[in-house]
Amino acid sequence: MSEIDSRTDEELDRRDSAPGEERITEHELAGGLSGYLLGFGLAILLTIASFLAAQTGLIYQPAVISALVVLAIAQMGVHLVFFLHLTTGPDNTNNVLALAFGVLIVALVVIGSVWIMAHLSLNMAAMSAHQAGMMP
């Protein structure tokens, strides 16, 4: 009996699946109905925490933006793991690389835009008082 013959049909099907076509098993944290319910509960809690951070005085006011950014990143993580089933397993390598490439491109665009605007402001000619008075 060869090695291929001894494998179950499920193992052969998993090996032949395309990237992003992996099966979600019930034993994974984000698998099955319980995984969806856990993700939904976490998403609701993070949304409520965001509203509380923005609408109440529980957090020191200058730190509200930082708290909202942290909660938004946590919300993205919950959605990626529980609803898009993005894990660090060997069958998700292509999806993780695609996500990392997307994050890199967005970071380059944002950081490059901020860098260009900062240098544009520094390299502008000084405005005289007369020119400043004519500005709307």
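Quick summary incoming for the structure in this document. (Residues numbered from 1 in each chain as written. Predicted model: local features only at pLDDT ≥ 70, side-chain atom pairs only at ≥ 80, totals over all residues. Heavy atoms only, no water.)

1. Here we look at the overall build of the chain
Put simply, the test is: Segments assigned H or I by DSSP are reported as helices when at least four residues long, segments assigned E as strands when at least two residues long, and all are numbered from the N terminus. Exposure categories follow from relative accessible area, calculated using a 1.4 Å probe and restricted to protein chains: below 20% of the type maximum is buried, above 50% is exposed, and the middle band is partly exposed. In this analysis, two residues are considered to be in contact whenever any of their non-hydrogen atoms come within 4.5 Å of each other. Computed with the Shrake-Rupley method and a 1.4 Å probe, the accessible areas treat only the protein chains shown as cover for residues.
Assigned secondary structure in the chain consists of six helices and zero strands. Each helix and strand of the chain, ordered N terminal to C terminal, gives the series α-α-α-α-α-α. Counting across all 136 residues of the chain, residues that qualify as buried make up 15%. Pairs at least 24 apart in sequence give 48% of the contacts found in the chain among residues at least 6 apart. Carbon and sulfur atoms provide 71% of the accessible area of the chain, an area that totals close to 10700 Å².

2. Re a nonpolar patch on the surface
Inclusion rule: Patch definition: residues above 30% relative accessible area lacking any salt bridge, with like charges linked at up to 9 Å and the nonpolar side chains Val, Leu, Ile, Met, Phe, Trp and Tyr linked at up to 5 Å. Salt bridge criterion: a side-chain nitrogen from Lys or Arg within 4 Å of a carboxyl oxygen from Asp or Glu.
A cluster of nonpolar residues, Phe40, Ile44, Ile48, Leu52 and Leu58, forms a patch on the protein surface that exposes about 500 Å² of accessible area. Structurally, Phe40 can be placed in helix α3 (residues 32-55).

3. Points about the packing of α3 against helix α4 (residues 64-83)
Going by this rule: Helix axes are fitted only over the stretch in contact, all axes being lines through C-alpha atoms; the angle between N-to-C directions runs from 0 to 180 degrees. Oblique is the label for every angle not falling under 35 degrees (roughly parallel), over 145 degrees (roughly antiparallel), or within 65 to 115 degrees (roughly perpendicular). Here the nonpolar group is Ala, Val, Leu, Ile, Met, Phe, Trp, Tyr, Cys and Pro; Asp, Glu, Lys and Arg are the charged ones; every other residue, Gly included, is treated as polar.
Running from amino to carboxyl end, α3 crosses α4 at an angle of 170°, the nearest separation of the two axes being 10 Å. Here α4 runs roughly antiparallel to α3, going by the angle between their axes. The residue makeup of the contact of α3 with α4, split by class, is 16 nonpolar, six polar and no charged.

4. Remarks on the side chain of Gln75
Assignment of secondary structure puts Gln75 in helix α4. Leave out the neighbours within four places in its chain, and Gln75 touches Ala43, Leu46 and Thr47.

5. As for the packing of aromatic side chains
Aromatic ring pairs are defined here through the distance separating the ring centres and the angle between the ring planes. Here is the rule: Two rings from Phe, Tyr or Trp (for Trp, the six-membered ring) form a pair when their centres are within 6.5 Å of each other. A pair whose planes differ by under 30 degrees is stacked, one over 60 is edge-to-face, and the rest are tilted.
Taken as a whole, this structure holds one aromatic pair when the rule is applied. Residues Tyr36 and Phe83 carry aromatic rings whose centres are separated by 6.2 Å and whose planes lie at 20° to one another, so their mutual orientation is stacked. One end of the pair, Tyr36, is in helix α3; the other, Phe83, is in helix α4, with 47 residues separating them in the sequence. Classification of Tyr36 by relative accessible area gives partly exposed; the value is 36%.

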